[in-house]
Amino acid sequence: MAGRRVALKSIDWLAFAERIPPNQRGMFNALKTRSDAIAAKLTSLPEAPAAIDWSVYRSTVAKAGMVDEFEKKFKALLIPEPSDTQTSAISAQEAESNKSASVYIEGSMARIAQYEQELDKFKNMIPFDQMTIEDLNDTFPETKLDKVKYPYWPHKPIADL
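Treat the numbers as computed from the prediction; the structure is a model and nothing was measured.

## Quick word on the overall build of the protein
For step 1, the next point in the chain: Counting secondary structure elements, the protein contains seven helices and zero strands.
For step 2, the next point in the chain: Traced from its N-terminal end to its C-terminal end, the protein shows the element sequence α-α-α-α-α-α-α.
For step 3, the next point in the chain: Whereas a compact globule of 161 residues would reach a radius of gyration of roughly 15 Å, the protein reaches 37 Å, over 25% beyond that.
For step 4, the next point in the chain: Once the C-alpha set of the protein is aligned to its principal axes, its extents read approximately 115 × 30 × 25 Å.
For step 5, the next point in the chain: Of all 161 residues assigned to the protein, the portion counted as buried reaches 9%.
For step 6, the next point in the chain: Within the protein, residue pairs in contact and separated by at least 24 positions form 19% of the contacts whose partners lie at least 6 positions apart.
For step 7, the next point in the chain: As presented, the protein carries roughly 14,300 Å² of accessible surface, and 61% of it is formed by carbon and sulfur atoms.
For step 8, the next point in the chain: If the 21 positive side-chain charges of the protein are averaged to one point and the 23 negative ones to another, these points end up 11 Å apart.

## Considerations on the packing of aromatic side chains
For step 1, the next point in the chain: One pass over the full model with this rule turns up seven aromatic pairs.
For step 2, the next point in the chain: Each member of the aromatic cluster is reached from another via a ring pair, and the members are Trp13, Phe16 and Phe28.

## With respect to a nonpolar patch on the surface
For step 1, the next point in the chain: On the surface, a cluster of nonpolar side chains totalling about 530 Å² of accessible area is made up of Ile52, Tyr57, Phe74, Leu77 and Ile79.
For step 2, the next point in the chain: With respect to the helices and strands, Ile52 occurs in the loop between α3 (25-44) and α4 (54-60).

## Topic: the environment of Ala37
For step 1, the next point in the chain: Among the structural elements, Ala37 can be located in helix α3.
For step 2, the next point in the chain: In this structure Ala37 comes out as partly exposed when scored by relative accessible area, which is 48%.
For step 3, the next point in the chain: Expressed as a C-alpha distance, the spacing of Ala37 and Phe140, which sit 103 residues apart in the sequence, is 64 Å.

## A word on the side chain of Asn137
For step 1, the next point in the chain: Here Asn137 shows up in helix α7 (residues 133-139).
For step 2, the next point in the chain: When sequence neighbours within four positions are dropped, the list of residues in contact with Asn137 reads Thr143 and Lys144.

Reading the values: the criteria
- Residues numbered from 1 in each chain as written.
- Predicted model: local features only at pLDDT ≥ 70, side-chain atom pairs only at ≥ 80, totals over all residues.
- Heavy atoms only, no water.
- Helix = DSSP H or I, 4+ residues; strand = E, 2+ residues; numbered from the N terminus.
- Rg over C-alpha atoms; globule rule 2.2 N^0.38 Å.
- Buried < 20%, exposed > 50% of the residue type's maximum accessible area, 1.4 Å probe, protein only.
- Contact = heavy atoms within 4.5 Å.
- Areas by Shrake-Rupley, 256 points an atom, 1.4 Å probe, with all protein chains shown as cover.
- Lys, Arg positive; Asp, Glu negative; His and termini not counted.
- Charge placed at Lys NZ, Arg CZ, Asp CG, Glu CD.
- Phe/Tyr/Trp six-rings, centres within 6.5 Å; stacked < 30°, edge-to-face > 60°.
- Patch = residues over 30% accessible without salt bridge, like charges linked within 9 Å, V, L, I, M, F, W, Y side chains within 5 Å.
- Salt bridge = Lys/Arg side-chain N within 4 Å of Asp/Glu carboxyl O.

Have a look at this one:
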C-alpha cells in the first residue's frame, strides 16, 4: 500500500487556500477536513492485508474440501487496479488553459500600455476650460465636424449623433 501511496500527488493546501474566494471558505475547509480524514485512514491501513490462516478453517469447517476450494478461489482472485485514464486529459486541459491564460495576459499587457498612453495624453493636455475648438479637435479628432463632406448642420450623419 505504501508503494502505491508514493505515487499519489500531494496537495499544496496553502497555495490552494490562496485561490479560494472568501464565500467558499466553508466548502474548502470541509474538503480539506475530509481529505485529511481519508489520508489518515489510508496511512493507518497495513501494507498488506492480514494473512488468512486456512488451517484454522480446515479444523473447524465440517465439510471436507470446502476450505481448500475457498483457498484455491481466493488465491486465484485478482482484483485489477484501476488504470489512470484522466491524467492525460487533465494535463491537456491544463496546457490549453495555460496557453489561453498567456494569450489573455499578453492582450492585457497591450491594453494596459494603450490605456497608459491615453492616460498620459489626458494628463498632458490643456484643461477643458482653457481649450479652443481647434484644440479640442486636435486632441479628440472624432469631435471634428466635416463641413466639406456634410455642408449642412449638424455636419455629421444623423445616425452618428
